[in-house]
Structures are given as C-alpha cells and as structure tokens.
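# Remarks on the overall topology
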Amino acid sequence: MSSGATTNFFIGIGTGSTTAAAYDTIRIQNNFIGGMETNISRLSSFISGMSLRGIDLAANTSGYYVITNNTIGGTVANSMMQKSNNLVVGIFSRTTSAGTYVHQINNNIIRNLTSNYANTAATCIGISTTGAHSAQIKNNNISYLTGTSTATTTGTTASLIGMSLAGSGTNGITVDNNIVHTLISTASPSAGITMSGIMVSGPVTGTNVVTKNIVHSLMASKSGSTINGTRYRDWE
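Assigned secondary structure in the protein chain consists of zero helices and 24 strands. Split into buried and exposed, the 236 residues of the protein chain put 50% on the buried side. Across the protein chain, every contact between residues at least 6 apart in sequence was considered, and the portion connecting residues at least 24 apart equals 82%. Surface accessibility of the protein chain: about 9,500 Å² in total, with carbon and sulfur atoms responsible for 49%.

Here you go:
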C-alpha cells in the first residue's frame with residue numbers, strides 16, 4: 001500500500017503515474033485489499049484531503065487492463081474508511097487508450113466502503129471509470145457502501161454510486177450481470193442527496209450495452225433525496 005502527500009491519495013494497488021504511458025496488457029488478479037483508512041485529523045497541515053482507492057489504474061496510451069477476481073473490503077463494516085474530504089472508491093480507472101482496446105473489470109467483489117466526512121467532495125463509489133476508452137464490466141458484486149457526502153449533484157458526481165461508468169472509446173461500454181445492493185446515505189444536507197446504483201455515461205460511438213444487472217436496497221435518510229437504480233447517460 002502507498003500514500004502520496006503531494007498528490008493526495010492512499011492506494012492499495014496502483015499502476016503507473018499521472019502521466020499517460022504506453023503499456024502492454026496489465027493484469028491485476030486474485031488480490032485481497034482492506035483495512036485502509038484516511039483520517040483528516042491525522043494528516044499533515046499541508047494536506048487538505050486524501051483520496052482512498054483500492055485499485056487505481058493510471059492513464060495509458062496503449063494496451064489494456066484486465067482486473068479480475070479481486071476482493072476490496074473485508075467482511076466487517078468500514079473495512080475501507082474515508083474520514084477526509086475526498087472520495088473513496090474500490091476500483092478507479094482513468095485510462096485513456098481508445099481505438100480497439102477494451103479494458104476488462106470482471107468478477108470483483110467490492111464491499112464495506114465508507115465515507116464518513118460530511119462535505120460535497122467525500123463521494124463513495126464502488127467502481128469508477130473515466131477517460132477515452134472502452135470497457136467491459138461484468139459479474140462484479142458491490143455491496144454495503146455507506147456515505148455521509150452532502151453532494152446534491154447528479155450524474156457521476158452524485159453523493160453515493162455503486163458504479164460510475166464514463167468513457168469515450170469507439171467500442172462502447174458493456175455493463176453485464178453485475179449486482180449492486182445496500183447503498184446507504186446518512187447525510188443531512190439542506191436539500192436531498194442523489195445516489196445511483198449504476199450510472200452510465202458511455203461514448204456516443206460504438207455500442208453501449210447495459211443488461212442483466214441487479215440493483216436493490218438503496219436508502220437515503222434525507223427526505224427529498226433522489227435514488228436511481230440505473231441511470232444512463234447525461235439526463236440532467
């Protein structure tokens with residue numbers, strides 16, 4: 001596990017750097033990641049917050065990632081705990097290789113992630129993908145995500161999201177046979193928060209497929225909150 005004071009992150013397994021590079025196939029498989037916590041009260045005075053990421057996939061200009069059979073978060077509550085004004089995310093992909101490359105995030109378990117900091121930046125997300133790429137996201141199980149983020153925005157910046165999937169690759173995004181359940185927001189902003197089980201903002205080219213996913217048990221304590229099971233593209 002590693003932390004970085006200047007870039008403000010705490011990562012279980014990470015690849016590359018913030019500068020896009022050319023890779024061949026990179027496989028991250030059969031790992032167990034848990035017992036991680038950030039706490040703003042213990043950070044140095046020059047750090048205002050720190051992002052907590054189980055697996056972090058850096059930008060790349062070629063090649064693709066295969067992320068399979070990993071377990072992020074233990075069997076007890078708060079196994080991945082964020083007590084800082086930044087996001088906590090199980091798998092965070094910011095890859096940029098487009099063209100024929102299709103990244104694979106399949107058969108992973110992500111559970112017991114908690115964001116326990118009441119501001120708009122402390123989003124809790126199971127799987128997040130961004131960048132100019134195509135992706136296949138299948139057979140993942142995401143459960144027991146808890147958040148206190150006061151964000152009232154929609155889309156990929158919502159308070160609590162099981163999967164936040166954005167990309168602009170020519171082959172589109174396939175989201176198939178995933179299970180997302182038990183997302184709980186305990187935040188109390190002046191207005192209701194927004195949460196989504198699966199949020200897809202896929203590319204306008206290629207074929208985007210969202211099929212056979214199961215989403216249930218999404219709960220928000222603040223009245224007036226918006227809860228989306230599956231939300232596709234930019235509807236706001």
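The sheet built from six strands is open, its strands ordered 4-9-13-16-19-22 with parallel pairing. Two strands close off the open sheet at either side, each with one partner strand: strand 4 (26-29) and strand 22 (209-211). The average undirected angle you get between the axes of adjacent strands in this sheet is 10 degrees.

When you line up the elements, Gly 229 lands in strand 24 (residues 226-232). For Gly 229, a relative accessible area of 34% gives the class partly exposed. For the pair Gly 229 and Ile 214, spaced 15 residues apart in sequence, the C-alpha to C-alpha distance is 8.9 Å. Non-local contacts of Gly 229, meaning those with residues more than four positions away in its chain, are made with Ser 196, Gly 197, Ile 198 and Val 215.

Attention now goes to the pattern of salt bridges. All told, the structure shown has two salt bridges when counted by the stated rule. Between Asp 56 and Arg 53 there is a salt bridge, with the nearest N and O atoms lying 2.8 Å from each other. Of the residues examined, Asp 56 reaches a relative accessible area of 2% and is grouped as buried. Overall, Arg 53 belongs to the buried group, its relative accessible area being 13%. For the salt bridge of Asp 56 with Arg 94, the shortest nitrogen-to-oxygen distance reads 2.6 Å.

Right, let's talk about the confidence of the model for the protein chain for a bit. Taken residue by residue, the protein chain gives an average pLDDT of 82. The fraction at 70 or more is 82%. Within the model, pLDDT remains below 50 along residues 1-7, and this stretch shows 14 contacts once partners closer than five positions in the same chain are excluded.

Note on placement: Asn 112 falls in strand 14 (residues 109-115). Relative accessible area serves as the criterion here: at 9%, Asn 112 is assigned to the buried category. For Asn 112, the contacting residues outside a window of four places in its chain are Gly 74, Thr 75, Val 76, Ala 77, Asn 78, Ser 79, Met 80, Ser 143 and Tyr 144.

Counting residues in hydrophobic clusters, the biggest one holds 37 residues, and the most contacted among them are Ile 55, Ile 67, Ile 91, Ile 127, Ile 137 and Met 163. Among the nonpolar cores identified, the runner-up in size contains seven residues, and Leu 87, Val 89, Ile 125 and Met 199 belong to it.

With that out of the way, let us pick up the side chain of Asn 140. Looking at the secondary structure, you find Asn 140 in the loop between strand 16 (134-138) and strand 17 (141-147). A distance of 2.9 Å separates a polar side-chain atom of Asn 140 from the backbone oxygen of Ile 105. Those residues in contact with Asn 140 that lie beyond four places of it in its chain are Ile 105, Asn 106, Asn 107, Asn 108, Ile 127, Met 163, Asn 177, Asn 178 and Ile 179.

Before going further, it helps to examine the environment of Met 195. Here Met 195 lies in strand 21 (residues 194-201). Between the C-alpha atom of Met 195 and that of Gly 229, which follows or precedes it by 34 residues, the distance is 8.5 Å.

This part covers unusual backbone geometry. In this structure, Asn 69 is a non-glycine residue whose phi angle is positive, near 60 degrees. One can find Asn 69 in the loop between strand 9 (65-68) and strand 10 (71-72). Look at Asn 69 and you get partly exposed, because its relative accessible area is 41%. With a phi close to 60 degrees, Thr 182 is a non-glycine residue in the positive phi region. Relative to the helices and strands, Thr 182 is located in strand 20 (residues 179-185).

Assignment of secondary structure puts Ile 214 in strand 23 (residues 214-220). Separated by 34 residues in sequence, Ile 214 and Val 180 have C-alpha atoms that sit 6.2 Å apart.

What counts, and at which threshold
- Residues numbered from 1 in each chain as written.
- Predicted model: local features only at pLDDT ≥ 70, side-chain atom pairs only at ≥ 80, totals over all residues.
- Heavy atoms only, no water.
- Helix = DSSP H or I, 4+ residues; strand = E, 2+ residues; numbered from the N terminus.
- Buried < 20%, exposed > 50% of the residue type's maximum accessible area, 1.4 Å probe, protein only.
- Contact = heavy atoms within 4.5 Å.
- Areas by Shrake-Rupley, 256 points an atom, 1.4 Å probe, with all protein chains shown as cover.
- Pairing = 2+ DSSP bridges.
- Axes fitted to C-alpha atoms, helices over the stretch in contact; angles between N-to-C directions.
- Salt bridge = Lys/Arg side-chain N within 4 Å of Asp/Glu carboxyl O.
- pLDDT = per-residue confidence, 0-100.
- Core = buried A, V, L, I, M, F, W, Y, C linked by side-chain atoms within 4.5 Å.
- Polar contact = N/O pair within 3.5 Å; in protein donor to acceptor, adjacent residues only side chain to side chain.

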